[in-house]
Amino acid sequence: MAEDKRETLASPHAAPVTALLSVLDTDPAAGLSDDEVAQRLQTYGPNTLRQRRRASVVAMLASQFNSPIVYLLLAASALALGLGERVEFFAILIVLLINAAIGFITEFRAIRSMEALRELATRSALVRRNGTVMAVTAEKLVPGDIAILDAGDVVAADMRIIASANLSVDESALTGESLPVTKAAEAVAADAVLADRNSMLFKGCAITGGTGEALVTGTGMDTELGRITRLVDEAEPERSPLERQLGQLSQNLIWLTLGITVAVGAAGILSGQDVVLMIESAVALAVAAIPEGLPIVATLALARGMLRMARHNALIEQLSAVETLGATTVILTDKTGTLTENRMHVDRIVTSAGELGFLHDDGAFLLDARPFSPANSAETMALIEATVLCNNATLGRDGTASTGDPMEIALLETGAAAGTRRPVLLDAFPEFAEHAFDVSTRMMATVHSDSGAYRVAVKGAPESVLDRIVDVFDGGGTKPWDRAERARWVRICGVLAAQGLRLLAVAGKQTGDQQSDPYSNLTLYGIVGFQDPPRADISTAISDAHNAGIAVVMVTGDHAATARHISKSVGLSTDADNAVEGRDLYAFEGMSDEEKRQMRETRIFARVDPEQKLSLIRLHQEAGEVVAMTGDGVNDAPALRKADIGIAMGLRGTQVAREAADLILRDDAFSTIIHAVREGRIIYTNIRRFTTYLLSCNLSEIMIVGLAVLVGLPLPLLPLQILFLNLVTDVFPAFALGTIEADKNVLARPPRPPSEPILARPQWIAISVHGLSIAGATLAALLLGIYHFGLQGPAVTTMCFHTLALAQLWHVFNMRNWRDRLLTSMVTRNVFVWAALAVCIAILAIANLQPIVADALQLVPLSTGIWAWVLGLSFIPVLLRETAIVATRIARR
């Protein structure tokens, strides 16, 4: 018995109402008593969603210091303090604070998805308790309550319908279904997907029409909304590819720094060098090995990309998402509003005279692809007049929005295009009675006065209307409704449905009896096919995605036939591609490798629920794909959070979806995603470029200090001087490199492999070669200063400092593609590069001329002759690169 009760409550949509009332021990006429409510509140808890504990500001700030690189710099600052170098100690601490502040600001985006979900709960609900109807707070609802519902209410818990009258609900946030869903008390199949559970009402959905009574079957976290809340909570977002790669790079730098520091220190001490000098060298090496400016430059480059994307209607919530877009290999996209316009239009009209097309944007009718006037067809006008009369929508005028059911608005728009407006038609045929749409008949009828008789207009589901037909309107008269004629119209409906159209059959009659059954002895006028048309730019956008090596997969809550038609029409799939429905998806963990491969190659998924969307994302991520997911509803929130890049709709998206996403489309257009992908690829290329630049500068500093110490030369650079170069003169050119525009073929290349490191073998070779050339020029300055000019102490370090600083500035021109000419490359033509060089030269001049800064950096004046050598030596790395490029071009001829 207990097992039967659990099964009944597990599938309330499939259980008879009487069985549910028995299991929950509820009398529908009286409802629950106060004692029963109190007891059930103790058992089930309040009707609220679980709140996730948010990280405190202090914890977020503390986490910015949880890094091996930070530990290394802290150790270097402690050594500096131990040696009495307070300026260096505070300088390193300031660097750490700057980086921590940048990380904190970047991550300071509170996770508000749970709060947004809770806002969907209503403040009160109308229930029957103790035999009377009363209003109670939504939190006090319990399983077994009898809820009273009316149009405009928001459902406060999951409920099984007991009785209804023309009840319709907007479930788009939960299921993706764009049209209101008609509800009724009849049980549905136990395996029905969420969108097909027409006997249920779900927490957070709005009643759009009708009235009803329902039995509360689930509250709080035991509702569908609660299940989604749990999925969002559990769907931890993946680290972005950039975060993973920079993290790996940091680990490599740590080991490199420790290895070099230990090796140089040990070699120096073993060769008889002063221990204090070795400790100072270790501090200098630690500071030199860490690219302190990299987080700053990366953040600024990503922020600039964020602003550029915003100009293309793409709002970025997380900076790392900017780059992730460029690595995207798979886009799982919704259909309604993303691939389509999210506006229901009449697409086809079929009467006994033939088939007409309707171009909504032009307001034009087509017959055999040629313009056609409906006024020339009595059959078409009879159908249009019936759809305008049998209608409760209002067409907007003078800038006001249309109101009513989307399909009825579409019918009024078609009528207006044919010159038939509802107010004018009602003046000629005043409405006498209305028979509202009923779920049991699946039809609607209106009765109108017509010259002493009555004119009945009917519209509804084709399978319902065709059962009531006795003849077909044929212009001047009618045709008999025999078996052959019925088969012909059934075949017409099948063809239109296969094209992804939603269908309404339209009929009517003349009668002298106002009390006659409006649905008996009807004359068929025809069939109307509706479509949510594809966006005008979607085919081009999907083609661009395919050219860029990105797979596009439709994941929708809509029906398979509609999904297939739209997918094919926009170029997402072909005739050979089949749609897989959510009910056909079983646990991916049990699939063979071949089955998983086939599932990953499927391009259309229909009637998919939130858990199945999560499974699809995991399936692709396990194969090493970088997955972008679009969504707009509450049901999309878990998937948006789990995807590498979650993309929410800004116009029609729910607050829950927007809060869970990384990127928000202000225009809901798929083409905007492609613009964002392009920007992401540009940013990644530039990040790789300025990372190579910064690390080659850092490597040159390591070589300069390490080689000088190993051969017994004086320390050529002080730790504070290195820190100054890393944070001041290196940052501006690096940021300028982050503004380089991409070549025209950026979207003609496949996405980079997700496993590819940010610095691959070619970049490490470039870093080593450039670092060696810059180090060689600076060490040459060291030797010249000591043995040619006889310099000592601060004078030697000043000469080395300026040689290195200028060499690193000119090094920015080495960051161009070797195929580009020096004077015409994108680097040379970039105005930000020249501005950065001007700023850095001004900073270096101030450092020499401002006594406070000069004293802190231990810089002293140099003679004109020494400055000439400094300038000449600083150009050596660029000259070596140009020589190598010329040699390469000659060798390739």
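Residues numbered from 1 in each chain as written. Predicted model: local features only at pLDDT ≥ 70, side-chain atom pairs only at ≥ 80, totals over all residues. Heavy atoms only, no water.

Engineer: An account of a nonpolar patch on the surface is requested, with residue identities and associated values reported.
Structural biologist: A surface patch of nonpolar side chains, about 280 Å² in accessible area, is lined by Leu707, Leu710 and Val711. Classification of Val711 as exposed rests on a relative accessible area of 61%. (Patch = residues over 30% accessible without salt bridge, like charges linked within 9 Å, V, L, I, M, F, W, Y side chains within 5 Å. Areas by Shrake-Rupley, 256 points an atom, 1.4 Å probe, with all protein chains shown as cover. Salt bridge = Lys/Arg side-chain N within 4 Å of Asp/Glu carboxyl O. Buried < 20%, exposed > 50% of the residue type's maximum accessible area, 1.4 Å probe, protein only.)

Engineer: Talk me through the pairing of strand 15 (residues 443–450); I want residue IDs and the actual numbers.
Structural biologist: The element strand 15 is extensively covered by neighbouring structure, given that 7 of its 8 residues are classed as buried. When strand 14 (residues 431–438) meets strand 15, the two strands line up antiparallel, connected through 5 bridges. In the strand pairing of strand 15, Glu431 is matched with His448. Following strand 15, the chain reverses through 2 residues before pairing antiparallel with strand 16 (residues 453–460); Ser451 in that reversal takes a positive phi of roughly 55°. (Helix = DSSP H or I, 4+ residues; strand = E, 2+ residues; numbered from the N terminus. Pairing = 2+ DSSP bridges.)

Engineer: Requested: an account of helix 30 (residues 831–849), with residues and values cited.
Structural biologist: Every α-helix carries 3.6 residues per turn, so stepping three or four residues along brings you back to the same face. For helix 30, spanning 19 residues, the distance from its first C-alpha to its last is 27 Å, which sits close to the expected 27 Å at 1.5 Å a residue. Along helix 30, the residues classified as buried are Val833, Ala836, Leu837, Cys840, Leu844 and Ala847. Taken down its axis, helix 30 places every buried residue within 100° of arc, on the same side. Exposed residues lying more than 90 degrees from the buried face of helix 30 are Val831 and Leu849. The elements touched by buried residues of helix 30 are helix 26 (719–729), helix 27 (731–737), helix 29 (794–810) and helix 31 (851–857). (Expected span 1.5 Å × (residues − 1). Arc of directions from axis to C-beta. Contact = heavy atoms within 4.5 Å.)

Engineer: Residue-level account of the packing of aromatic side chains, with values.
Structural biologist: Summed over the entire model, instances satisfying the criterion amount to 6 aromatic pairs. With a centroid separation of 6.0 Å and 50° between ring planes, the pair formed by Phe724 and Phe801 is classed as tilted. Taken together, the residues Phe724 in helix 26 and Phe801 in helix 29 connect sequence positions 77 residues apart. The pair Phe724 / Phe801 is uniform in exposure class, with both members buried. Look at Trp810 and Phe875: their rings are 5.0 Å apart centre to centre, the planes differ by 5°, and that puts the pair in the stacked class. Of this pair, Trp810 sits in helix 29 while Phe875 is found in the loop between helix 32 (864–874) and helix 33 (876–891), placing the two residues 65 residues apart along the sequence. Across from the ring centre of Tyr684, 3.4 Å away, lies the NZ or CZ of Arg752, which sits over that ring. (Phe/Tyr/Trp six-rings, centres within 6.5 Å; stacked < 30°, edge-to-face > 60°. Lys NZ or Arg CZ within 6 Å of the ring centre and 35° of its normal.)

Engineer: Before we move on, can you summarise the confidence of the model for the protein with the specific residues and values?
Structural biologist: A low pLDDT score tells you not to read the predicted coordinates there in detail. Within the protein, residue pLDDT values average 84, and 87% of them lie at 70 or more. Mean pLDDT in the protein bottoms out at helix 7 (residues 113–119), which sits at 42, and peaks at strand 17 (residues 469–473), which reaches 97. In the predicted structure, residues 109–122 sits below a pLDDT of 50 and forms 41 contacts with residues beyond four places in sequence or in another chain. (pLDDT = per-residue confidence, 0-100.)

Engineer: Outline unusual backbone geometry, supporting the account with residue identities and numerical values.
Structural biologist: A negative phi holds for most residues other than glycine; trans holds for most peptide bonds. For Arg442, which is not a glycine, the phi torsion comes out positive at approximately 60°. Using a relative accessible area of 38% as the deciding quantity, one classes Arg442 as partly exposed. Unusually for a residue other than glycine, Asn521 sits at a positive phi of about 55°. Mapped onto the elements, Asn521 comes out in the loop between strand 19 (502–511) and strand 20 (522–531). With a relative accessible area of 53%, Asn521 lands in the exposed category.

Engineer: Before we move on, could you go through the packing of helix 26 against helix 30 and cite the residues and values that matter?
Structural biologist: When two helices pack together, you describe them by how their axes are tilted relative to each other and by the distance separating the axes. Two numbers describe how helix 26 lies on helix 30: the axes approach to 11 Å, and their chain directions differ by 145°. The way helix 26 lies across helix 30 gives a crossing that is right-handed. In contact with Phe724, Val728 and Thr729 of helix 26, helix 30 contributes Cys840, Ile843, Leu844 and Ala847. Across the contact of helix 26 with helix 30, the residue classes break down as 6 nonpolar, 1 polar and no charged. (Axes fitted to C-alpha atoms, helices over the stretch in contact; angles between N-to-C directions. Left-handed = near helix turned anticlockwise from the far one by under 90°. Nonpolar A, V, L, I, M, F, W, Y, C, P; charged D, E, K, R; others polar.)

Engineer: How would you summarise the packing of helix 14 (residues 378–389) against helix 15 (residues 406–417) if you had to cite specific residues and measurements?
Structural biologist: Where helix 14 meets helix 15, the closest approach of the two axes is 9 Å, and the angle between their N-to-C directions is 135°. It follows from the interaxial angle that helix 14 and helix 15 lie oblique. When the axes of helix 14 and helix 15 are compared, the crossing they make is left-handed. Residues Ile384, Thr387 and Val388 of helix 14 pack against Leu411, Leu412 and Gly415 of helix 15. Residues that form the contact of helix 14 with helix 15 fall into these classes: 4 nonpolar, 2 polar and no charged. (Parallel < 35°, antiparallel > 145°, perpendicular 65-115°, else oblique.)

Engineer: Break down the nonpolar core for me, with residues and values.
Structural biologist: Ranked by internal contacts, the top residues of the largest apolar core, which has 114 residues, are Leu663, Phe670 and Phe690. Top contributing element to this core by residue count: helix 25 (residues 670–710), with 20 residues. What Leu663 contacts, discounting residues up to four positions off in sequence, is Ala314, Leu315, Ile316, Leu325, Ile645, Gly646, Ile647, Ala648 and Ala676. Membership of the second largest hydrophobic core comes to 55 residues, among which are Ile161, Ala214, Leu332 and Val634. (Core = buried A, V, L, I, M, F, W, Y, C linked by side-chain atoms within 4.5 Å.)

Engineer: Could you give me a rundown of helix 15, with the residues and numbers involved?
Structural biologist: Taking 1.5 Å per residue, 12 residues should reach 16 Å; helix 15 reaches 17 Å between its end C-alpha atoms and fits that length. Of the residues making up helix 15, those classed as buried are Met407, Glu408, Ile409, Ala410, Leu411, Leu412, Thr414 and Gly415. Two to three positions downstream of the cap, the backbone nitrogen of Met407 sits 2.9 Å from a side-chain oxygen, assigning the N-cap of helix 15 to Asp405. Downstream of helix 15 by one or two residues, Gly419 has phi in the positive range, about 85°. (Polar contact = N/O pair within 3.5 Å; in protein donor to acceptor, adjacent residues only side chain to side chain.)

Engineer: I'd love a proper account of the sheet that holds strand 9 (residues 330–333), names of residues and values included.
Structural biologist: Spatial strand order, 8-26-25-24-9-21-23-22: 8 strands in an open sheet with mixed pairing. With partners counted over all chains shown, the strands left at the sheet margins are strand 8 (314–316) and strand 22 (579–581), one partner each. Taken over all neighbouring pairs, the strand axes of this sheet differ in orientation by 20° on average, direction set aside. Bridge analysis of strand 24 (residues 627–631) against strand 25 (residues 645–649) gives 4 bridges, and the strand direction is parallel. Its bridge partner being in strand 25, Gly631 is matched across the sheet by Ala648.

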